[in-house]
Amino acid sequence: MSPSDARPRKRKPRKRLSRQEQRRRSILRAGLIGAVLLLLQPLAFLPWARRARARLRPPGALDEARFLGACIKCGQCVQVCPVEAIELADLDEGFGVGVPFIDARAQACDFSCDALSCILACPTGALSHDLKTKEEVRCGLARVVRPDACRARRGEGFRGVARGEDFAGRLRYPSIDRWEAIPVREYPYDLPLCDLCVRECPIGDRALRLEPLPGAADDDPRRTPVVGEDCVGCGVCEMICPEEPSCIVVEARVQWQDPRRPA
Amino acid sequence: MAGSEATGMSFLGDVATMLGRAPQKPGPRSDAAEIAHGRKRGKGMEVARLIEELASRPKVHTWRNRRWAVLIGVNLLFTLSYWVDVQLVEGSLTASRVVGFHLADVYSSFLVMLAQKHVAVNLVIGLVTVSLLWALVGGRAYCSWVCPYHLLAEWAESLHSWLAARGIVQDHPLHRGVRVVLWVVFAALALVTGHTLFLTLNPIGILSRAVVYGPSLALAWVLLLLVFEVVYARRAWCRYLCPIGLTYGAIGVAAPWRVVYQLDACAHEGECRKVCEVPHVLDLTIRGRATDVRMDVGPDCTRCGLCVDACPTESLRYEVKGLDALL
């Protein structure tokens, strides 16, 4: 650096660069900035490569890699969901930014649209249009992760609102309103044996049911939730479980396997 | 030498300029242009007086205000459609549905199809509709009349100019060819990796989603870009980098709605080039450059109208090509 550089900028007469020199510098800068933009790209891979978070995706999502590539990040699925179950991921998920996911504990997909609206709204087919009914959906698979805390397994009932008075999640109760979901906190329960997850499962017995504990006596009231092959992974069981944290969670993209058959 | 190449092919020359070539030396003039240029010889004093007068004249913002109203209106329509659930415009600027009809950003859709190796019918409907719209309205009019980043970048530009006038920052121009390179590389990356990497950093998508669905961390990236534009390179994203802008520019190469330059009254004082986001399109306003008395401003023009507002002699105007003939 020459000593003249130390003088205040205002007074320094700006050196006139030749046209050629200006051009050379503009190309250099363009190359540099372009390279920086491109070098930022691999960073977008990191969150996905590390599988930091296996997100529960909306119904019909293609397999994760293809889904991320096919999603145009417009959020139309978010807009059509009647229970607002779908959220968009942020930049910390790399190129998953703007891609939809469902936080089932906060708000599960309860299929109250009846029509897989998110799939119909998707302009790219990232949510596959091949799916026609909710029974065909496979977002993931429910699993009892805290068996010891499960009320049914302890033979306990449940009374009150499932998730407390502050819970904002909604669920469609056909007995109250066939067409619209209502806040869970407006629907108190009084159950001799807690069967909330099974009771509210939008699919039914072949997805989730209560069974006697293995080897228990006939008069033993305790039951355990058993996940069946029809489980679609919607997450209603995870949302409704009154224990904190939930005893049953949906594991994204896991497929059902017959437990009696060794994998 | 290169100038003669551009004559008679000024349309192709304009396209080349959009793709990054420096505006070329003008070729032979039409007779009318020759006369118009001739009339201006020795009028230096008049121009000096005009420039002096300009300093005291209040600035006109007619088109800018109209444009800002439209830009904010369009983006608000997205927001309101979601929050008030009027469902007029669902989605965001990357893809949406307007009263049920698909619209999709052309470059984003192109990347998605490359990544997916699959042509989704809805996307095709969306991108063809959008292409038709901007082929008529004028390609990069999308940039200045719709794109939310453009508005923020305009404000950042004001700040940059204010700081530059005080010698605090300095503009560092980039070669505009880098935009074409990025356009191709992002497309190639989508094809090879199966991921639409550009969409991760796309400030338009990030902003549009923020406008509709609420703020996000990703806005930090947009802020970083704006800071870069303020302190280092004026309007860097829109001018040199954005592949979405380039796409719309290409779509609107022959758009009827455009800014037209009229040589006769022009004082060549350069007010227009000072305010222009893409000043290379206004090189034809430099003294002696225009080869005809009426010339279209090139396809990289965003139809923002700042030059129309700034021009003291009304030599730059909006025009719908062919409309005069019809009326």
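Residues numbered from 1 in each chain as written. Chains lettered and ligands numbered in written order. Predicted model: local features only at pLDDT ≥ 70, side-chain atom pairs only at ≥ 80, totals over all residues.

Trainee: Give a description of the sheet that holds strand 2 (residues 95-98) of chain B that names residues and reports values.
Mentor: In any sheet, the strands associate via hydrogen bonds between backbone groups, in a parallel or an antiparallel arrangement. Residues and elements named next belong to chain B. Ordered by their spatial adjacency, three strands build an open sheet running 1-2-3, and the pairing between neighbours is antiparallel. This sheet does not close on itself; its edge strands, each paired only once, are strand 1 (89-92) and strand 3 (101-104). Strand-to-strand twist of the sheet, defined as the mean angle between neighbouring strand axes without regard to direction, takes the value 15°. Pairing geometry for strand 1 and strand 2, over four bridges, is antiparallel. (Pairing = 2+ DSSP bridges. Helix = DSSP H or I, 4+ residues; strand = E, 2+ residues; numbered from the N terminus. Axes fitted to C-alpha atoms, helices over the stretch in contact; angles between N-to-C directions.)

Trainee: Could you give me a rundown of the nonpolar core, with the residues and numbers involved?
Mentor: Grouped together as the largest cluster of nonpolar side chains are 130 residues, with contacts concentrated most on Cys77(A), Cys118(A), Cys197(A), Leu208(A), Cys237(A), Ile240(A) and Leu111(B). Per-element tally for this core: the top contributor is helix 6 (residues 106-116) of chain B, with eight residues. For Cys197(A), the contacting residues outside a window of four places in its chain are Leu208(A), Pro225(A), Cys237(A), Ile240(A), Cys241(A) and Ile248(A). Residues Cys266(B), Ala267(B), Val278(B) and Cys307(B) belong to the second largest nonpolar core, which totals 23 residues. (Core = buried A, V, L, I, M, F, W, Y, C linked by C-beta atoms within 7 Å. Buried ≥ 20, exposed ≤ 12 C-beta atoms within 10 Å, placed from the backbone. Contact = placed C-beta atoms within 7 Å.)

Trainee: Break down the sheet that holds strand 6 (residues 316-320) of chain B for me, with residues and values.
Mentor: Residue and element names in this part refer to chain B. With antiparallel pairing, the three strands of this open sheet are ordered in space as 5-4-6. Here the strands that pair on one side only, and so sit at the sheet edges, are strand 5 (294-296) and strand 6. Direction aside, neighbouring strands of the sheet carry axes that sit 40° apart on average.

Trainee: Quick one: what's the story with unusual backbone geometry, residue by residue and with numbers?
Mentor: Omega for the bond connecting Glu244(A) with Pro245(A) falls within 30 degrees of zero, at -5°, which places this linkage in the cis form. Looking at the element boundaries, Pro245(A) is found in the loop between helix 7 (236-240) and strand 10 (248-252). Phi is positive for Asp114(A), which is not a glycine, with a value near 65°. Along the polypeptide, Asp114(A) turns up in the loop between strand 2 (100-102) and helix 4 (117-121). In this structure, Glu314(B) takes a positive phi of about 55° despite not being glycine. Tracing the chain through its elements places Glu314(B) in the loop between helix 17 (306-310) and strand 6.

Trainee: Just give me the short version of the confidence of the model for chain B, but keep the residues and values in it.
Mentor: Residue and element names in this part refer to chain B. Per-residue confidence for chain B gives a mean pLDDT of 90; residues scoring 70 or more make up 97%. Low confidence marks residues 1-8, where pLDDT is under 50. Its contacts with residues over four positions away, or in another chain, come to 13 contacts. Of the two predicted TM-score estimates for the complex, the pTM is 0.89 and the ipTM is 0.88. (pLDDT = per-residue confidence, 0-100.)

Trainee: So what about the interface of chain B and chain A? Which residues, and what values?
Mentor: Taken together, the contacts link 46 residues of chain B with 36 residues of chain A. Residue assignment for the side of chain B that touches chain A shows that the elements contributing at least two residues are strand 1, strand 2, strand 3, helix 6, helix 7 (121-137), helix 10 (177-193), helix 11 (197-201) and helix 12 (203-213) of chain B. The element that contributes the greatest number of residues to the side of chain B that touches chain A is helix 10 of chain B, accounting for six residues. Partitioning the side of chain B that touches chain A into residue classes produces 23 nonpolar, 20 polar and three charged. (Nonpolar A, V, L, I, M, F, W, Y, C, P; charged D, E, K, R; others polar.)

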